[in-house]
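Residues per chain, in single letters:
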Amino acid sequence: MYRIVAAVVLTIGMATGAYAFGPPSPPPPPPAHWAPPPPPYWGPPPRIHRAPEIDPAGALAGLTLLAGGLAVLRGRRSGKSGK
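Residues numbered from 1 in each chain as written. Predicted model: local features only at pLDDT ≥ 70, side-chain atom pairs only at ≥ 80, totals over all residues. Heavy atoms only, no water.

Caption draft 1: Representation of the overall build of the chain within the structure. Summing up its helical and strand segments, the chain has 2 helices and 0 strands in all. Going through the 83 residues of the chain one by one, you find that 5% of them count as buried. Of the roughly 8,100 Å² of accessible surface on the chain, 69% is carried by carbon and sulfur atoms. (Helix = DSSP H or I, 4+ residues; strand = E, 2+ residues; numbered from the N terminus. Buried < 20%, exposed > 50% of the residue type's maximum accessible area, 1.4 Å probe, protein only. Areas by Shrake-Rupley, 256 points an atom, 1.4 Å probe, with all protein chains shown as cover.)

Caption draft 2: View of the environment of Gly75. With respect to the helices and strands, the residue Gly75 is situated in helix α2 (residues 56-75). Judged by its relative accessible area of 42%, Gly75 is partly exposed. Here the alpha-carbon distance between Gly75 and Tyr2, two residues 73 residues apart in the chain, equals 8.6 Å.

Caption draft 3: Structural detail: the environment of Val5. Looking at the element boundaries, Val5 is found in helix α1 (residues 2-20). Using a relative accessible area of 30% as the deciding quantity, one classes Val5 as partly exposed. C-alpha separation for the pair Val5 and Gly69, spaced 64 residues apart in sequence, amounts to 8.3 Å.

Caption draft 4: Representation of a nonpolar patch on the surface. A surface patch of nonpolar side chains, amounting to about 570 Å² of accessible area, comprises Leu10, Met14, Leu63, Leu66, Leu70 and Leu73. Those elements that provide at least two residues to the nonpolar patch are α1 and α2. When residues in the nonpolar patch are grouped by element, the largest group, 4 residues, is from α2. Note on placement: Leu10 falls in helix α1. (Patch = residues over 30% accessible without salt bridge, like charges linked within 9 Å, V, L, I, M, F, W, Y side chains within 5 Å. Salt bridge = Lys/Arg side-chain N within 4 Å of Asp/Glu carboxyl O.)

And the structure:
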């Protein structure tokens, strides 16, 4: 049972860590002679906003999963019990 719980916790922790890096980047666009020209943009120039890479809630969730996985792994009894 401990192995199953440890495997689930570690899998979720790895998925959380992988998600922290964001989705994979899109493939590069095809060469210019294959792509249609971009549509004209008549509005004001877009504003650039700075954003944090990892929000505090996501970081706390990742640390909680990591701590839980380590607690499960350390709580496993090695060898025979005293019975």
